[in-house]
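# Understanding the architecture of this molecule
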Amino acid sequence: MSEIEQRRQDVSAGLAGLKADALLVTSAANVRYLSGFDGSNGLILLTPTETHFFTDPRYEIAAKQNITGKVHVVKGPLIAAAAKIIQRKRIKRIGFESGWTQYDAYQRLRDALPRSLSLVPIGRVIEERRMIKSAAEIDIIRRSVNLNSEAYSRVLKRIRPGVRELDIAAEIEFQMKVLGAEKPAFDTIVAAGPRAALPHAHPGSYRLAGNELLLMDMGASLQGYCSDMTRTVHLGKPPKKIRDLYNAVLEAQLAGIAAVRPGVTAGKVDAATRNVLKKHKLDKAFVHSTGHGLGLEIHEPPRLGKKDPTKLAVGMAITIEPGVYIEGLAGIRIEDTVLVTQNGCEVLTPSSKEFIVL
Ligand code: GLY
Ligand code: MN
């Protein structure tokens, strides 16, 4: 049995515990996880013994070549075709992904099915399973992370006064693709000078002037799996104040990494980075959480936020990314992708975290 078939079998085996006789999977990442399908329009109906996969004619050839289970090629709403199968199979309780099913799709399903059939919201059950990566998934994530860092190294050599944030972002994404990524895992962030204080700045036409910070947050998608890394460098010799800020963020990031081990809560790892920044009176400048899980999506559970009770476990891939943002002055973030291991964690990102001066 393939890994994908095994995943479906495991999810099917959990249906009874969810008080569902079958499950409709609508989230694109969950569809990919349970079928390998990487198109934009796919739906899975999972019963304890069967997999029904629905897509439209654009994906007919790919689906028939790659998907195990019964493939239905449908013109019109996939959900309507799934409703027909649900009725034919006399399913009584159908689980659905409440976080991913649009209201219109829910209404269409409700209208197409007899009132006696109950729709059971299942929450993020598949996402919880996805938190623990298999050896094969870890291998791809590792390659995605290495590719991302190699793209970063290549781009570092081309940064100089006069280039625009947009030029750097374009170069990052070009190098990722040259190295084999199918696309960036998210919109690449490149922010220079005071704009680095905007944690999710869109790169713009600002030209580097020299004597300023440059924050780059980049990730590749390789075979569907994301990497995520942020580095902040300085053009010209940094003033002491900026160097001190950098060292505080690095100290926080290393404390976060040191706190990662199986059994510890995500909230405790968040507290580890936050406490270091508090010591430096920078906690108010740290405006987001410490990190997040990543895999088929760039942001997936667990979230490493304040008081988050999720316990870390071997095989989770997460980011550790504290940052400080001071309006008009500076933005500094340092982010690695790390893997939770038996003894703690392995930092997958190979790029140096020394304060690079260009
Ligand atoms: N690297 C983008 C983010 O984590 O939000
Ligand atoms: Mn991130």
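Nothing here was measured: the structure is a model prediction, and the numbers come from that model.

Rules of the game
- Residues numbered from 1 in each chain as written.
- Chains lettered and ligands numbered in written order.
- Predicted model: local features only at pLDDT ≥ 70, side-chain atom pairs only at ≥ 80, totals over all residues.
- Heavy atoms only, no water.
- Donors = N, O, S within 2.8 Å, 3.2 Å for Na, K, Ca; no water.
- Helix = DSSP H or I, 4+ residues; strand = E, 2+ residues; numbered from the N terminus.
- Buried < 20%, exposed > 50% of the residue type's maximum accessible area, 1.4 Å probe, protein only.
- Axes fitted to C-alpha atoms, helices over the stretch in contact; angles between N-to-C directions.
- Parallel < 35°, antiparallel > 145°, perpendicular 65-115°, else oblique.
- Left-handed = near helix turned anticlockwise from the far one by under 90°.
- Contact = heavy atoms within 4.5 Å.
- Nonpolar A, V, L, I, M, F, W, Y, C, P; charged D, E, K, R; others polar.
- Phe/Tyr/Trp six-rings, centres within 6.5 Å; stacked < 30°, edge-to-face > 60°.
- Near = heavy atom within 4 Å.
- Polar contact = N/O pair within 3.5 Å; in protein donor to acceptor, adjacent residues only side chain to side chain.
- Areas by Shrake-Rupley, 256 points an atom, 1.4 Å probe, with all protein chains shown as cover.
- Pairing = 2+ DSSP bridges.
- Patch = residues over 30% accessible without salt bridge, like charges linked within 9 Å, V, L, I, M, F, W, Y side chains within 5 Å.
- Salt bridge = Lys/Arg side-chain N within 4 Å of Asp/Glu carboxyl O.
- Lys, Arg positive; Asp, Glu negative; His and termini not counted.
- Charge placed at Lys NZ, Arg CZ, Asp CG, Glu CD.

### A word on the coordination of the manganese ion (ligand 2)
The protein atoms that coordinate the manganese ion (ligand 2) are Asp228 (OD), His292 (NE2), Glu321 (OE) and Glu335 (OE), at distances spanning 2.1 to 2.3 Å. Counting residues between consecutive donors of the manganese ion (ligand 2) along the chain gives the motif D-x63-H-x28-E-x13-E. Of this pair, His292 sits in strand 13 (residues 291-293) while Glu335 sits in the loop between strand 17 (330-333) and strand 18 (336-341), and the two are 43 residues apart along the sequence. We classify His292 as buried; its relative accessible area is 9%.

### Looking at the environment of Gln6
Within the secondary structure layout, Gln6 lies in helix 1 (residues 3-13). The exposure class assigned to Gln6 is partly exposed, which follows from its relative accessible area of 34%. With 28 residues separating them in the primary sequence, Gln6 and Leu34 have C-alpha atoms 8.9 Å apart.

### Some points on the packing of helix 7 (residues 135-156) against helix 8 (residues 165-178)
Relative to each other, helix 7 and helix 8 sit at 135 degrees, their axes nearing to 9 Å. Looking at the two axes, helix 7 sits oblique to helix 8. The way helix 7 lies across helix 8 gives a crossing that is right-handed. Taken together, the residues of helix 8 that come into contact with helix 7 (itself represented by Leu147, Asn148, Ala151, Arg154 and Val155) are Ile168, Glu171, Ile172, Gln175, Met176 and Val178. Of the residues that constitute the contact of helix 7 with helix 8, the class distribution is seven nonpolar, two polar and two charged.

### Some details on the packing of aromatic side chains
This structure, assessed with the given rule, holds four aromatic pairs. Ring plane angle 45 degrees and centroid distance 5.4 Å describe the contact between Phe96 and Tyr106, whose orientation is recorded as tilted. Here Tyr106 lies in helix 5 (residues 103-112) and Phe96 lies in strand 5 (residues 93-96), a separation of ten residues in the sequence. Judged by relative accessible area, which is 9%, Phe96 ranks as buried.

### What about the site of ligand 1?
Every residue lining ligand 1 is accounted for by Phe186, His200, Asp217, Asp228, His292, His299, Glu321 and Glu335. His200 places a side-chain nitrogen or oxygen 2.9 Å from an oxygen atom of ligand 1. When the free accessible area of ligand 1 is taken as 200 Å², the share hidden by the protein chains comes to 93%. Broken down by class, the residue content of the shell around ligand 1 amounts to one nonpolar, three polar and four charged.

### Considering the sheet that holds strand 9 (residues 212-218)
Within a sheet, each strand pairs with its neighbour through backbone hydrogen bonds, oriented either parallel or antiparallel. The three strands lie next to each other as 8-9-12, forming an open sheet whose pairing is antiparallel. Bordering the open sheet on either side are strand 8 (189-192) and strand 12 (229-235), each of which pairs with just one other strand. Taken over all neighbouring pairs, the strand axes of this sheet differ in orientation by 10 degrees on average, direction set aside. Both strand 9 and strand 12 contribute to a ladder of seven bridges, which runs antiparallel. Counted as the bridge partner of Glu212 is Leu235 from strand 12.

### Description of a positive patch on the surface
There is a patch of like positive charges on the surface, built from Lys278, Lys284, Lys306 and Lys307. Considering the arrangement of structural elements, one finds Lys278 in helix 10 (residues 266-279).

### Comments concerning the side chain of Thr230
Turning to its location among the elements, Thr230 is positioned in strand 12. Side-chain polar atoms of Thr230 contact the side chain of Asp217, separated by 3.2 Å. In terms of polar contacts, Thr230 uses its side chain to reach the side chain of Glu335, at 2.6 Å. Discounting chain neighbours no more than four positions away, the residues touching Thr230 are Leu215, Met216, Asp217, Arg333, Ile334 and Glu335.

Interpretation in functional terms is not warranted from these geometric data alone.
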